[in-house]
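Understanding the architecture of this molecule
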Amino acid sequence: MGAVDLDGALHRAGARAGEPLALVVLPGAGVGLAAAGGPLPLAGEPVALVRRLEALLHPRWTWWSAAGTAAPLVAAGVHLARCHDVAAVHRLLVGGARDDPGAAWAAAHELPVPPAPATHREAAHGTGLLDLDGALSGDAGPVGADGQLAAGWVDGRALGPDVEPGERLRRAARWAVLALHTAAGQQRALLARADPRPRPVPPPLAVQTAWSESAAALLAVELERTGLPLDRAAAEAVVAAEVGPRPDGPAAEEAARAARDAPVRALLGPVDLRNPAQVLAALRELGFDVPDTRGWRLERLRGAHPAVDALLRWRRAERVATTYGYAWLDRHVGPDGRLRGAWSASDGGGGRMTAQAGLHNLPAELRPAVAAEPGHVLVRADLGQVEPRVLAVLSGDAGLVAATREDDLYAPVAAALGADRATAKVAVLAAMYGQTSGAAGDALRRMERAYPAALALLRGAEAAGREGRDVATWGGRPVRVGSQELPEEALAVRGRFARNAVVQGTAAELFKAWAVTVRAGLAGGAGGERGRVVLCLHDELLLHVPQADADAAAQLLRSALEAAVRRWAAGCGVRFVADVAVVHRWSEAK
């Protein structure tokens, strides 16, 4: 379609610069669009069409799910600046992990939650903003007589390759209309939410959170595509140091396994080291009265007996051999030296970003292998003491807000408690995690006196959890705690989960708001992209940038945090800090 034809078609569909534009991608066939004026099927190469539309309209792309719609575009190097991700916003509004189009549509239209689709294709498609009329219901197919989305559209069969090409494009545009209509319902729900900030700034916090959650879903697609740069030779050297050379067959692998086991079995006896019950029994025979063999529990016994030290060394080597060994490198590191795994922008609980392929649990031993490519550097930033600062936002506790003005929050807390810094840190962690025994209990009592508003908020969340009432984050995400009757011990666990979930979930929202602001800044350089986000790890961002742009990237990390906090916590007076370092290997930042 020529420029004049495209302009005319966009005008007839009501597409305007900066406004929502729904998108469904049909690889090799075209795109289905929808705007305020109606559906618009466009035949052609999707990458070229979308790139042109991005430059022409700078729209807020709207789709059912970035994982399906944006993936082929990201793979082709298309940068999409803004989006509304129906799946991500549904999780924000409703909570939980389910985010298929049927569930999102039903929630936006106040319908009963439909059964989960038998097969939900992740290639869920983009959407448009158009009030439904009779042409979109009844025998037309997408919407059933009960108002629910038809199963054949939710699972992708209605857009399958067996459909005649022209009809397939028309259906894609209709599917886009439905998603944009769902997004409009979500927008109304977001606008109806109260803004918790003392001095709100437009747009409302719920809307801002929806935008950052949507952009985080797009960032998750980009992270999977980009990958984490890995020095393969350095990684193999780490593995070899832990578990020996690469085995050349099953017999050699079994011999290496026996060699790892031998030093521990010489001290513990002929036990199966991969059977926790046998290991626990052997430790008890040595006089250690422990309830289980968890790593943190054994760490407390380090130095008490040679068998414990040997067991800890064995566990580290076994983890490398079985989870981060040669097979892991072969499976997840590409020929370009990038470690790749699937990313999720929001886990089913508090909403943190998570990843597969070991990206979120890399052993410290492997961090030296995460290395910048020639001509590039890694720029790493870590939010400092983010959870207590988030608690200050949530509670508005004047004393805790004042403490956040210091680079080291624990110093003024220690002064307020009349304790040393170590005790102050224990007190803050005990408050957020609900620890009540020993030194933690005494520290918690001091916190109650020094920061009553903060502790009142946490106690309220814990009480809600115990009673089976959901809690919510600062951005309004419901955290489901379950309402079933439980024994007292389980109720206490549920209460502690709720107590911490409001803080961790809120910290995740701030982190994503920061990360997507950095993403936008990296794409905004005069010469094009100035680097990429390559890792989002809890409270830590890792960028891979050209060496010439290192200082600019470091400044971007700081300025993006300030900008995100100004929007996210307007009027709260809470200061957030980030430790930023420019390095060649990830391990150098620690």
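Small disclaimer: the values here were computed from a predicted structure and weren't measured. (Residues numbered from 1 in each chain as written. Predicted model: local features only at pLDDT ≥ 70, side-chain atom pairs only at ≥ 80, totals over all residues. Heavy atoms only, no water.)

**A few points about the packing of aromatic side chains**
Evaluation of the coordinates by the stated rule reveals six aromatic pairs. Relative to Trp175, the ring of Trp64 has its centre 4.9 Å away and its plane inclined at 35°; by these criteria the two rings are tilted. You can see Trp64 sitting in the loop between β4 (60-63) and α3 (66-69) and its partner Trp175 sitting in helix α8 (residues 165-191), a full 111 residues away along the chain. Relative to Trp175, the ring of Trp153 lies with its centre 5.9 Å away and its plane at 45°, an arrangement referred to as tilted. Residue Trp153 is found in helix α7 (residues 151-154), and its partner Trp175 is found in helix α8; the two are separated by 22 residues along the sequence. On the basis of relative accessible area, Trp153 is assigned to the buried category, the value being 8%. Overall, the relative accessible area of 1% leaves Trp175 in the buried class. Put simply, the rings of Trp64, Trp153 and Trp175 touch in pairs and so form one group of aromatic residues. (Phe/Tyr/Trp six-rings, centres within 6.5 Å; stacked < 30°, edge-to-face > 60°. Helix = DSSP H or I, 4+ residues; strand = E, 2+ residues; numbered from the N terminus. Buried < 20%, exposed > 50% of the residue type's maximum accessible area, 1.4 Å probe, protein only.)

**Notes on the packing of helix α6 (residues 101-108) against α8**
Contact pair α6 / α8: the axes reach a minimum separation of 8 Å and the direction vectors enclose 50°. Taken together, the axes of α6 and α8 lie oblique to each other. Regarding α6 and α8, the two cross each other, and that crossing is left-handed. Packed against α6, whose contacting residues are Pro101, Ala104, Trp105 and Ala108, the element α8 presents Trp175, Leu178, His181, Thr182, Gly185 and Gln186 at the interface. (Axes fitted to C-alpha atoms, helices over the stretch in contact; angles between N-to-C directions. Parallel < 35°, antiparallel > 145°, perpendicular 65-115°, else oblique. Left-handed = near helix turned anticlockwise from the far one by under 90°. Contact = heavy atoms within 4.5 Å.)

**Description of the sheet that holds strand β2 (residues 30-35)**
Read across the sheet, five strands follow the order β3-β2-β1-β4-β5 without closing on themselves; strand pairing throughout is mixed. The outermost strands of the open sheet, each flanked by one partner alone, are β3 (38-43) and β5 (82-85). Going from strand to strand, the sheet's axes swing by 30° on average, the running direction of each strand aside. Contacts from helix α5 (residues 86-94) reach β4 and β5, with the element oriented near 55° to β5. The sheet strands contacting α8 are β1 (20-26), β2, β3, β4 and β5, and the helix crosses β2 at an angle near 40°. (Pairing = 2+ DSSP bridges.)

**Comments concerning the pattern of salt bridges**
Taken as a whole and assessed by the stated rule, the structure comprises 37 salt bridges. One salt bridge connects Glu213 with Arg477, and the closest N-O pair in it is separated by 2.7 Å. Of this pair, Glu213 sits in helix α9 (residues 205-226) while Arg477 sits in the loop between β11 (471-472) and β12 (478-479); the two residues are 264 residues apart in sequence, bridging distant segments of the chain. Judged by its relative accessible area of 2%, Arg477 is buried. A salt bridge links Asp336 to Arg340; the shortest N-O distance between them is 2.7 Å. (Salt bridge = Lys/Arg side-chain N within 4 Å of Asp/Glu carboxyl O.)

**Side note on the sheet that holds strand β15 (residues 578-583)**
The strands that make up a sheet pair up through hydrogen bonds in the backbone, lying either parallel or antiparallel. Taken in spatial order, the four strands make up an open sheet running β13-β14-β10-β15, and their pairing is antiparallel. Taken across any chain shown, the strands that pair with only one partner, and hence form the sheet edges, are β13 (532-537) and β15. If you compare each strand with its neighbour and ignore which way they point, the axes differ by 20° on average. Bridge count between strand β10 (residues 376-383) and β15: six bridges; the pairing is antiparallel. The partner of Leu378 across the bridge, within β15, is Val583.

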